[in-house]
Structures are given as C-alpha cells and as structure tokens.
Amino acid sequence: MPRLAIAYLMPVSVIIFYLCLTSGAYLYGDAQVRNSVAERQLEWVKQQVFRTQHLVESALLVQDLERIEQEVSLASTDPNVMVYILLDSASKIRFANHLVWRNSNAIQVIDGYLFERHYEVVSSTQAYIHINEDRLSIQAYYPLIPNSDLGPDNNVELLYVEYDLSLLMAKASNSLQKTFYLFWGAGTVFLLILLCFLHWLIIRPLKRLNHSTMGEPIKPTGWLPAELNRLQDGFELIKDNASYNLKRLNDSEQRWLFAVNGNHKGIWDWNIATGEVFMSDSWKAMLGCAPLDNTDDFRAWKGRIHVEDKARVLQSLQEHLNGDSQTFECVYRLRHRQGHYIWVLDRGMLIDWDDQGRPSRIIGMNTDVSDSLNTQNTPKTTKAEAWLEQQMLRHTKAKQSALFVIRLADTQVQSNAVEKPLIQLFIARLSNYLSAVGLNGHYHDGEYVFIASALALASASDSDIARRHSLAIGSDIARLLTQDDSLDGGMLRAFSFSIGIALAESAKQLPVSVWLKQARVAASRSHSHKSPCSIYSDTNTTELHGHDS
C-alpha cells in the first residue's frame with residue numbers, strides 16, 4: 001500500500017485542521033450572533049407588548065376603540081412586525097395590522113397561531129412568549145381583561161404578536177461573514193508563512209535524510225533543531241557503520257568463497273517446504289555443470305545419487321530431519337554430467353523450523369573425496385612405502401616433518417572394507433581435514449598415512465615445538481574421528497583407532513621403511529595404552545590422552 005510522504009502529509013493535515021477550525025469557529029460565531037439578536041429582540045418585544053397590553057386594557061375599560069385602532073396602526077409601521085392582532089374568545093380577529101384580516105378566523109389566516117395556546121394563556125392569565133426557530137420569529141400571546149359593556153362584536157381577550165427575526169439575523173450574519181473573511185484571509189497568509197517555515201525547518205532536512213538512506217551523500221543543512229541534528233548525526237553514524245560492516249561482510253564472504261572453492265567444496269541450501277535447493281557454482285562445477293544449469297531441485301539431487309547409496313543417504317537425512325542426529329553426514333556417490341560417479345562427503349544441519357516446529361530449511365556442504373575413495377577401490381593399490389616415496393619428494397627441503405599412521409586397532413580390515421559406510425566416512429573425514437590445510441593422505445590395508453612438514457624451524461629448541469604441533473594435529477584428528485553427530489552408538493563402539501607419529505628433522509633423514517616402522521610402533525603403543533595418540537622416541541613414547549590438549 002503506497003504511503004503519503006511527509007512533505008505532502010504535513011501541509012495537507014495542517015490545512016485540513018485550519019479549515020475545520022475556522023469553519024467550526026464561523027458556525028459557532030454565527031449561532032452566537034443569531035442567539036444574541038433573538039435575545040435582544042425578545043426583550044424589546046416584551047417591553048413593547050407589555051406596554052400595548054396595558055394601553056389596550058385601559059382603552060377597553062373606557063370603551064375608547066379609536067385609541068386601540070391608533071395603537072395597532074402604529075405597530076404596523078414596524079416592518080419586522082408580521083402579525084399584530086386582537087382576538088375574541090372565538091379566535092375571531094377584531095383588530096389587525098392588516099385590514100384584510102379583520103373579522104376573519106385567525107386559525108384560517110394566521111400560520112403561526114395556535115388556538116390551544118390561545119385557550120391556555122387566557123385560562124391561566126399568564127403571558128406566553130418564545131422564539132420560533134423554524135419560522136425565525138418571536139411569537140407572543142398576552143391575555144387581556146375584556147369589557148362586557150362593549151358587546152360581543154368589539155370585546156377582545158387576547159393580544160397575539162409575531163415579530164420577524166430573519167432580516168435582523170441576516171444582517172448580523174452578513175456582518176459576521178465580512179469580519180470572518182478578513183480574519184480568514186489574514187490567518188491563511190499566516191498559515192502559508194508557517195508552512196514555508198516548517199518546510200525549511202523540518203521537511204527539507206527530513207527529505208535529505210530520507211535520500212541519504214538510499215545511498216545519496218548527506219548534504220549540510222545549516223541550522224537544525226536539536227532533535228533533527230541528533231537524528232542526522234545518528235544517520236551518519238549508522239551509514240558509516242553499515243558501510244564498514246558491509247565491507248567486512250564482503251571481505252568475509254570473499255575469504256569464505258575462496259576457502260570453499262579452493263578446497264573443492266560445494267554449498268547447498270534446501271527449502272524443505274517448496275523443495276527448492278540452492279546449489280553454489282562450485283557444487284555445480286563438482287558435477288560438471290555450468291553455473292546457469294537448472295539443478296535447483298530436490299528431486300534432481302535425489303536422482304543423481306547412486307542406486308546402491310540412495311536408501312542409506314535418504315535414511316540418514318530423514319533421521320536428521322526427525323531430530324535423531326545433530327547433523328546430517330554421509331559419504332555417497334553422485335552422478336557426474338559425463339555419466340560417471342564421484343564420491344562426496346556431504347554434511348548438513350537444520351537451521352530453521354516453521355511455526356508448528358517442523359523443519360523448513362537445511363544447509364550443507366559437499367566435499368569431493370573421490371581421489372581418496374577411488375584409489376582404495378583400485379585392484380593394484382599402491383602400498384604405503386611406495387606412496388610415501390613419492391610424497392617425500394614434496395617435503396625434501398622442509399624441516400621438522402612428522403609421519404602419521406592412523407589405523408584400526410583391533411584387526412586388519414578385509415580388502416573390501418572400504419565399501420563399508422563407516423570406513424568411507426572415516427576416509428572422507430580425514431581427506432576433508434587434510435585438504436583444508438593443503439595435505440593429502442593414503443589408505444591401504446586398514447592404515448591411513450600422511451606427512452606433515454614445516455612444523456617448526458630447524459633449531460634444536462624447535463624440536464619441542466614440532467612435537468607439540470604434531471600432538472595438536474593428532475588431537476584434532478582424534479576428535480574428528482570420534483565425533484558422533486551423525487553416527488549411532490553401535491557403530492562408534494565397533495570403530496576403534498590409534499594414531500602413531502614419528503618425527504624427523506627432514507623427510508630424507510630416515511629411510512621410508514624405518515620411518516614408517518617407527519610410526520607403526522607409536523600407533524601400537526597408543527593402542528596398548530588406550531591413548532588416542534603417541535609419538536615415537538628411541539627411549540620412550542610420548543602419549544596424548546583424550547583430555548590433553
């Protein structure tokens with residue numbers, strides 16, 4: 001719904017208020033003037049009728065009918081006297097200010113006359129006078145003392161007078177109207193000046209502040225009221241903070257996108273209510289799709305899941321939607337645009353619910369772990385020693401290196417163990433962790449090995465730093481493998497691991513077989529001592545317990 005701007009709302013409201021105020025004042029003043037005229041004329045009529053009443057009674061007493069005629073004729077000279085008649089008991093007009101009314105029945109010729117009022121006044125001998133607002137006149141009924149000696153043709157008992165107020169009221173209203181026009185004109189000029197002042201003082205600064213919210217620079221407005229000045233300062237502060245926060249947000253978003261795209265991660269956002277799924281460009285690129293390809297649909301994602309993994313993935317997702325797990329985490333295969341399948345580590349979390357408490361939105365991240373899992377499915381898998389020989393070429397110049405061996409502690413897994421979802425998740429988590437720091441690892445026969453180098457400088461004192469650094473990496477890996485957000489207790493109890501670490505001042509200091517043997521000895525000691533991580537030493541093995549950092 002469109003809203004009226006204050007630049008129009010304020011003057012329109014003030015003008016409407018002014019018109020209502022002046023109109024009300026005029027109507028009230030007009031009513032007061034009319035009442036004043038009516039009250040003033042009522043007093044005058046009372047005096048004149050009271051005088052006429054006594055004069056007529058005196059004339060009737062001495063049977064001076066000519067005097068009565070003169071009084072009636074004198075009253076006729078007043079143009080505001082509408083009716084001036086003397087009536088007998090039968091409402092017959094005996095004397096009147098208009099000759100044509102004489103000897104006529106007042107009920108038939110006089111509009112405002114009421115015989116009931118006539119009878120009531122004569123019976124009570126109390127005069128009745130009032131203002132008739134409908135006829136804009138004053139009506140007066142005055143009883144007279146009749147003289148029986150005059151006979152029925154000249155005997156009267158009531159004086160009825162009706163005095164016109166319309167001319168006097170019209171004259172007073174015209175005078176008030178002229179005065180009102182004068183004051184209304186002066187008030188209008190004053191109002192226009194006031195509106196111009198308010199526009200300069202309030203509306204103009206507010207319009208500039210409003211434009212500043214749309215990105216325009218705030219122009220200096222000179223003198224301002226204290227409230228508007230504080231409001232302008234507040235807008236400038238908010239704008240500066242918004243610009244600063246927007247820059248920080250953009251910088252953070254760029255760093256986040258760089259980290260995500262650099263580690264081959266794809267972002268997705270699923271609106272459960274509509275079924276619409278947002279896929280980032282890196283997610284689409286992971287599957288060989290172009291950024292503009294239409295893949296933003298839940299059914300399209302579900303259709304890409306490998307038929308052997310679909311039931312397990314959907315079950316894990318439904319368990320999370322039901323609240324059975326804190327996060328959704330699963331390793332499965334997705335169909336590439338070229339037809340082959342890639343392995344992904346998919347992790348997601350619910351972030352929004354509707355008013356009924358039902359899940360409405362979930363976001364997550366996909367990581368391509370095909371290199372790690374596809375290597376394990378190759379029949380001619382490279383052994384750990386051969387893989388380490390290749391990796392040591394990358395770490396030749398690095399000082400203070402460490403070889404990590406992570407293996408299952410209970411028994412050697414079968415050749416097809418990588419097919420199991422738990423082992424897949426184990427490898428995917430490690431691959432995801434290492435790729436985030438620019439490393440890669442190798443899995444074979446129940447062992448996952450990798451090399452971390454440049455743990456410290458080459459001085460003797462820095463060997464302790466390298467030891468602490470490698471223990472910190474081992475601690476992170478132990479926490480990573482034991483997080484149970486998406487695994488049930490039975491799976492975790494069936495999964496046990498040990499981490500062995502062997503340090504070397506350089507990757508070429510020891511033969512690969514010796515270095516690998518030292519790491520395996522440390523892993524065995526870690527398993528026997530029930531500690532998650534151990535470092536090999538010629539004299540002893542440093543152990544990291546679960547609660548150590």
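Every chain is numbered on its own, with residues counted from 1 as its sequence reads. Note on the predicted model: pLDDT of at least 70 is required for a residue's local features to be given, and 80 or more for side-chain atom pairs to be given and counted; whole-chain, interface and lining totals, by contrast, use all residues. Excluded from the side-chain calculation are hydrogens and water; included are all heavy atoms of the structure.

A. Representation of the packing of aromatic side chains in the model. Pairing of aromatic side chains requires ring centres within 6.5 Å, counting the rings of Phe and Tyr and the six-membered ring of Trp. Pairs whose planes differ by under 30 degrees are stacked, by over 60 edge-to-face, and all others tilted. Scanning the entire structure with this criterion turns up 11 aromatic pairs. Note on Trp 301 and Tyr 332: the rings are 6.3 Å apart at their centroids and 85° apart in plane angle, and the pair reads as edge-to-face. Taken together, the residues Trp 301 in helix 8 (residues 298-304) and Tyr 332 in strand 8 (residues 328-335) connect sequence positions 31 residues apart. In this pair, the class of Trp 301 matches that of Tyr 332, namely buried. Taken together, Tyr 113, Tyr 128, Tyr 141 and Tyr 160 form an aromatic cluster joined through their ring pairs. Numbering of helices and strands starts at the N terminus; helices are DSSP runs of H or I of at least 4 residues and strands are runs of E of at least 2. A simple rule labels every residue: compare its accessible area, found with a 1.4 Å probe on the protein chains alone, to the largest value its type can have, and call it buried under 20%, exposed over 50%, or partly exposed in between.

B. Region of the structure containing the sheet that holds strand 5 (residues 158-164). One requirement defines pairing of two strands: DSSP has to find at least two bridges between them. With antiparallel pairing, five strands are arranged side by side in an open sheet as 2-1-5-4-3. Each having just a single partner strand, strand 2 (93-96) and strand 3 (128-132) make up the two edges of the open sheet. Sheet twist, expressed as the mean angle between neighbouring strand axes with direction ignored, is 15°. Pairing geometry for strand 1 (residues 81-87) and strand 2, over three bridges, is antiparallel. Fitted lines through C-alpha atoms give the axes, limited to the stretch in contact for helices. The angle between two N-to-C directions lies from 0 to 180 degrees.

C. Summary view of the sheet that holds strand 6 (residues 265-271). The five strands are arranged 7-6-10-9-8 in an open sheet whose pairing can be described as antiparallel. Edge positions in the sheet fall to strand 7 (277-279) and strand 8, since each of these pairs with one other strand and no more. Sheet twist, expressed as the average angle between the axes of neighbouring strands with direction ignored, equals 25°. Of the strand pairs in this sheet, strand 6 and strand 7 are connected by three bridges, and their pairing is antiparallel. Bridge pairing links Asp 269 to Phe 278 in strand 7. Contact between two residues is taken to exist if any of their heavy atoms lie within 4.5 Å; hydrogens are not considered. Packed on one face of the sheet, helix 9 (residues 307-321) meets strand 6, strand 8, strand 9 (341-353) and strand 10 (359-368) and runs near 150° to strand 8.

D. Structural view of the nonpolar core. The definition of a nonpolar core used throughout is a set of buried Ala, Val, Leu, Ile, Met, Phe, Trp, Tyr and Cys residues joined through side-chain atoms within 4.5 Å. Formed by 31 residues in total, the largest nonpolar core has its most connected members in Phe 404, Ile 406, Phe 426, Tyr 448, Phe 450, Ile 477 and Ile 499. The contact partners of Ile 499, leaving out residues within four places of it in the chain, are Phe 404, Val 405, Ile 406, Gly 474, Ile 477, Ala 478, Ala 522, Ala 523, Ser 526, Pro 532, Cys 533 and Ser 534.

E. Quick look at the pattern of salt bridges. Any Lys or Arg side-chain nitrogen located within 4 Å of an Asp or Glu carboxyl oxygen qualifies as a salt bridge. Taken as a whole and assessed by the stated rule, the structure comprises 15 salt bridges. For Arg 34, the salt bridge is made with Asp 30, and the minimal N-O distance between the two is 3.1 Å. Remark: Asp 30 and Arg 34 occur in helix 1 (residues 6-61); sequence separation between them is four residues, near one turn of the helix. Residues Glu 162 and Arg 135 are paired through a salt bridge, measuring 2.7 Å at the closest nitrogen-oxygen approach. One end of the pair, Glu 162, is in strand 5; the other, Arg 135, is in the loop between strand 3 and strand 4 (137-143), with 27 residues separating them in the sequence. Judged by its relative accessible area of 32%, Arg 135 falls in the partly exposed class. Salt bridges sharing partners connect three or more residues here, namely Glu 308, Asp 309, Arg 312 and Arg 333.

F. Local environment of the packing of helix 1 against helix 2 (residues 65-76). At their nearest, the axes of helix 1 and helix 2 sit 8 Å apart, and the two run at 160° to each other. Between helix 1 and helix 2, the crossing angle belongs to the class labelled roughly antiparallel. For the element pair helix 1 and helix 2, the recorded crossing hand is left-handed. On the side of helix 1, the interface is formed by Arg 51, Thr 52, Leu 55, Val 56, Ala 59 and Leu 60, while helix 2 contributes Arg 67, Ile 68 and Glu 71. Residues are grouped as follows: nonpolar covers Ala, Val, Leu, Ile, Met, Phe, Trp, Tyr, Cys and Pro; charged covers Asp, Glu, Lys and Arg; every other residue, Gly included, is treated as polar. Looking at the contact of helix 1 with helix 2 residue by residue, the classes come out as five nonpolar, one polar and three charged. In this scheme, roughly parallel covers angles under 35 degrees and roughly antiparallel covers those over 145, while 65 to 115 is roughly perpendicular and the rest are oblique. For any helix crossing, the convention is left-handed if the near helix is rotated counterclockwise from the far helix by under a right angle, and right-handed if that rotation is clockwise.

G. Molecular detail of helix 12 (residues 421-436). Residue count minus one, scaled by 1.5 Å, sets the expected span of a helix. With 16 residues, helix 12 extends 22 Å between its outermost C-alpha atoms, agreeing within 8% with the 22 Å of an ideal straight helix rising 1.5 Å per residue. With respect to burial, helix 12 is a largely interior element, 12 of its 16 residues being buried. Taken together, the buried positions of helix 12 are occupied by Leu 422, Ile 423, Gln 424, Leu 425, Phe 426, Ile 427, Ala 428, Arg 429, Leu 430, Ser 431, Asn 432 and Leu 434. Directly after helix 12, the chain includes Gly 438, whose backbone phi takes a positive value near 80°.

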